[in-house]
Each structure stands twice: as structure tokens, then as C-alpha cells.
Amino acid sequence: CDRPYSVDELARELCGRHNISISSIYRNVNKMVKEGSLAKLSQNNSRKFLYQYIGARACHEHLHLKCQRCGRLFHMDDRSMEGILKTVMKANNFSINREKTVLYGDCQDCRL
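What counts, and where the lines are drawn
Residues numbered from 1 in each chain as written. Predicted model: local features only at pLDDT ≥ 70, side-chain atom pairs only at ≥ 80, totals over all residues. Heavy atoms only, no water. Phe/Tyr/Trp six-rings, centres within 6.5 Å; stacked < 30°, edge-to-face > 60°. Lys NZ or Arg CZ within 6 Å of the ring centre and 35° of its normal. Axes fitted to C-alpha atoms, helices over the stretch in contact; angles between N-to-C directions. Helix = DSSP H or I, 4+ residues; strand = E, 2+ residues; numbered from the N terminus. Parallel < 35°, antiparallel > 145°, perpendicular 65-115°, else oblique. Left-handed = near helix turned anticlockwise from the far one by under 90°. Contact = heavy atoms within 4.5 Å. Core = buried A, V, L, I, M, F, W, Y, C linked by side-chain atoms within 4.5 Å. Buried < 20%, exposed > 50% of the residue type's maximum accessible area, 1.4 Å probe, protein only. Pairing = 2+ DSSP bridges. Salt bridge = Lys/Arg side-chain N within 4 Å of Asp/Glu carboxyl O.

Caption draft 1: The packing of aromatic side chains, seen in detail. Inspection of the entire model under this criterion finds zero aromatic pairs. Taking NZ or CZ as reference, Lys-40 lies 4.4 Å from the ring centre of Phe-49, over its face.

Here is the structure:
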């Protein structure tokens, strides 16, 4: 859950250890995205996607931060998140969908 994977990366890992077809991987990845246990992330603004396990329901309550360099996805700190949500709502009379909101930047490790 600490980084996103492409379907090709998943296939290399799974098919090497198990007898699983690429179509089964796509089918299951799509099912898990619909169920909400995987996040589907655009890869460098292309038509290719990366998938990251987000599992727990609490993940849907957070805004997410995505590192543009390494691709890792983080939960935003609760206090910061609530401040941003309140500011946007008050200033713009607009409610943000937490589940679908990702802010892009560079993580601490990549800035070093």
C-alpha cells in the first residue's frame, strides 16, 4: 500500500509465482477499483494508469497527496485537511469530494 503499481508490474510479480492470466489481473483490478479498495491514478497525465491499495474505509475520508516524482500516495493530516475543506466551503460555497481529491507535489524523500 505504500506505492502504486501498473498492471504490468502486478502481472510480472503474480504470474511468476502463480498461474494467473493478465486478463484475470485486469478483471480483478477493475473490480477492486469499483469496490473502493484500489485507487486508480493517472500515470504522468497519460492514458496509462497505476493502482494503489487503499483498503480500509478510513482512506475514503481523507484527501490524498501524490508525489509527482516517486508516485507514492499519502493521506493528508486530519487537521490540515479539515482546514482546507472549511476554507474552500466558506470562500466558495463549494463542497469537496474527499474520496476523489488528490493534490500533487513532491514528498519529503524526493525533495532531499
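Caption draft 2: Geometry of the packing of helix α1 (residues 7–17) against helix α2 (residues 22–35). In contact at an axis separation of 10 Å, α1 and α2 are set at 120° when each is read in the N-to-C sense. The angle between α1 and α2 places the two elements in the oblique class. The element α1 and its partner α2 pack so that their crossing is right-handed. Note on element contacts: α2 touches α1 through Ile-22, Ile-25, Tyr-26 and Val-29, opposite Val-7, Leu-10, Ala-11, Leu-14 and Cys-15.

Caption draft 3: Seen up close, the nonpolar core. The biggest cluster of nonpolar side chains holds six residues, and these are Val-7, Ala-11, Ile-25, Val-29, Leu-38 and Tyr-51. Put simply, the parts of the chain that give this core at least two residues each are α1 and α2. Every residue in contact with Val-29, bar those within four places of it in the chain, is listed here: Leu-10, Leu-38 and Tyr-51.

Caption draft 4: Region of the structure containing the pairing of strand β3 (residues 64–67). Direction of pairing for β3 relative to strand β4 (residues 73–75): antiparallel, over a ladder of three bridges. Looking at the pairing, His-64 lines up with His-75 of β4. Connecting β3 to the antiparallel partner β4 that follows it, the hairpin turn spans five residues, and Gly-71 within it adopts a positive phi of roughly 85°. In this sheet, strand β5 (residues 102–105) lies alongside β3 in parallel orientation, the contact comprising four bridges. Residue Cys-67 lies in a different strand from β5, and its bridge partner there is Gly-105.

Caption draft 5: Here's a closer look at the pattern of salt bridges. One pass over the full model with this rule turns up three salt bridges. One salt bridge in this structure joins Arg-98 and Glu-82, with 3.1 Å as the shortest N-O distance. Placement of the pair is Arg-98 in the loop between α3 (78–92) and β5 and Glu-82 in helix α3, with a sequence separation of 16 residues. The partly exposed category is assigned to Arg-98, whose relative accessible area is 25%.

Caption draft 6: Structural detail: the sheet that holds β5. Strand order in the open sheet formed by three strands is β4-β3-β5, and the pairing between neighbours is mixed. Lying at the two open borders of the sheet, with one neighbouring strand each, are β4 and β5. Shown here is a sheet whose adjacent strand axes are inclined to one another by a mean of 30°, direction ignored.

Caption draft 7: Seen up close, the environment of Phe-94. Within the fold, Phe-94 resides in the loop between α3 and β5. Residue Phe-94 is classed as exposed on the basis of its relative accessible area of 53%. Those residues in contact with Phe-94, other than ones at most four positions away along the chain, are Val-88 and Met-89.

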